[in-house]
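Each chain, letter by letter, is given below.
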Amino acid sequence: MSTFKAPKGTYDLLPPDSATFLAVREAIAAPLRRSGYGYVETPGFENVELFARGVGESTDIVTKEMYAFETKGGDQLALRPEGTASVLRAALEASLHKAGNLPVKLWYSGSYYRYERPQKGRYRHFSQVGAEAIGAEDPALDAELIILADQAYRSLGLREFRILLNSLGDQECRPVYRAALQDFLRGLDLDEDTRRRIDINPLRVLDDKRAEVQKQLVGAPLLRDYLCDACKAYHEEVRELLAAAGVAFEDDPKLVRGLDYYTRTTFEFVHDGLGSQSAVGGGGRYDGLSEMIGGPALPSVGWALGVDRTVLALEAEGVVLDIPAATDVFAVALGEDAKRRVFALVTELRKAGVATDMAYGGKSMKAGMKAAHRSGARFTVIAGERDLAEGVVQLKDMESGEQEAVALDALTDTLRGKLA
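Rules used throughout
- The residue count restarts for each chain, going from 1 along the sequence in the order it is written.
- It should be noted that, the model being predicted, local features are given only for residues of pLDDT at least 70 and side-chain atom pairs only at 80 or more, the latter also being counted only at that level, while totals for whole chains, interfaces and linings use all residues.
- Each side-chain value is derived from all of the structure's non-hydrogen atoms; neither hydrogens nor water enter the calculation.
- Relative accessibility under 20% of the residue-type maximum defines a buried residue, over 50% an exposed one, and the middle range a partly exposed one, all with a 1.4 Å probe and only protein chains included.
- A run of H or I in DSSP counts as a helix once it spans at least four residues, and a run of E counts as a strand once it spans at least two, with each numbered from the N terminus.
- Here, patches come from residues exposed beyond 30% relative accessible area and free of salt bridges, joined within 9 Å for like charges and within 5 Å for nonpolar side chains (Val, Leu, Ile, Met, Phe, Trp, Tyr).
- What sets the accessible areas is the Shrake-Rupley method with a 1.4 Å probe; for residues, cover comes only from the shown protein chains.
- Here, a salt bridge means any Lys or Arg side-chain nitrogen found within 4 Å of an Asp or Glu carboxyl oxygen.
- Note on charges: Lys and Arg go in the positive column, Asp and Glu in the negative column, and His and the chain ends are not counted at all.
- The atom standing in for a charge is NZ when the residue is Lys, CZ when it is Arg, CG when it is Asp and CD when it is Glu.
- In this analysis, strands are considered paired if DSSP registers two or more bridges between them.

This paragraph deals with helix H4 (residues 84-93). Of all 10 residues in H4, 8 are buried; the element is thus mostly enclosed. The set of residues buried in H4 consists of Thr84, Ala85, Ser86, Val87, Leu88, Ala90, Ala91 and Leu92. Just past H4, the residue Ser95 takes up positive phi, approximately 55°.

Quick look at the structure:
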């Protein structure tokens, strides 16, 4: 055994479990690809300032959870704690917003890093699939993204998730609410850290999960009572579009997201089967983020869904994904000469698009057939010296157990036909 272990709070993804993670990523990405979203990939680390400005200096993510470091050249960098700021930075840097149609629609998949207290469903390295629609202010876009996430989860067989929805207002109405909330919070019995938050970002206090804080928040002013007419109308349209699409949601007037950049529409996907880490994903509109990081005004909306959390939600519901075997055909060679011929045959089958593997290491017939069973292959090709001299191989159907001799020059077409 190796003396090295994965760092605390991280995990390795290995077969066969990794196939489930790949299937989840694929299921989340599929509706996005069908809806005009192009794939974007950004570096695993960025300038610290991008997150300090974009995510917000007062957030736990920036103050406590970010992996920040100085390079040999003196650059201040951070492992990315979330995806939106990086994707927007990349879109601005490449001037995608000037290339024609707005919004610029992008999707991404990758690992993100936060220094957290590890527990089930909360790791220091985690995997997300995200989507951003950059450069348009339209309730239909907000609704589209929520609907696409809903479709992705339903395509996986998930049923017991809930969509929470709220509006955080905009620069017109939020300052009035913020002042009212600060007045209310200053009258509560809160610790020093939380008191500091009242001045910097009072909405984050509403997001405090501690029971003793939540008890005191009963009767706190609600944002929805302070929304201006424009924000009310916008939010109502998002709600109507979701209802018309048959997507169930719950209004949650206390829902705030943990990042400073959100405005107007905010939403969260929660699964009650996951205990305290019930959020499987979330997002919202972030109309001011582009200007915060030095770009032009580009109203945008997006979300990120946790791949690890989604896998836990599938387990909680007892959903087992139907993942086909990675190998369709497994070849077993009997003897050294046969092995060379079979290796060439396997290469030909792969070139023809047939997923093929073979027994390595000079296995006996018995060991080779065991390996064939373990591979999950539908068919096994068995080739001995005598068969090959006659220009045939034995083809075994692993489901029915039937075996037949097939001419070497007809093997590829025969297998293609049977697999189709």
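Glancing now at a positive patch on the surface. Side chains of Lys363, Lys366, Lys370 and Arg374 sit close together on the surface and give a patch of like positive charge. Accessibility expressed as a relative area gives 64% for Lys366, which makes it exposed.

Attention now goes to the pairing of strand E14 (residues 379-384). Most of E14 is tucked away: 6 of the 6 residues are buried. With burial as the criterion, each face of E14 is covered, one bearing Phe379, Val381 and Ala383 and the other bearing Thr380, Ile382 and Gly384. Both strand E12 (residues 329-334) and E14 contribute to a ladder of 6 bridges, which runs parallel. Pairing of Ala331 across the sheet is with Val381, part of E14. Relative to strand E15 (residues 392-397), E14 is paired through 4 bridges, and the arrangement is antiparallel. Note that in E15 the partner of Thr380 across the bridge is Lys396.

Most of strand E6 (residues 125-134) sits inside the fold, with 10 of its 10 residues counted as buried. Side-chain alternation along E6 places His125, Ser127, Val129, Ala131 and Ala133 on one buried face and Phe126, Gln128, Gly130, Glu132 and Ile134 on a second face that is also buried. Two elements, strand E5 (residues 104-113) and E6, share 10 bridges in a ladder whose sense is antiparallel. Across the sheet, the residue bridging to Lys105 is Ala133, located in E6. Bridge count for E6 against strand E11 (residues 300-306) is 7 bridges, and the pairing is antiparallel. The residue bridging Gly130 from the neighbouring strand is Ala304, located in E11.

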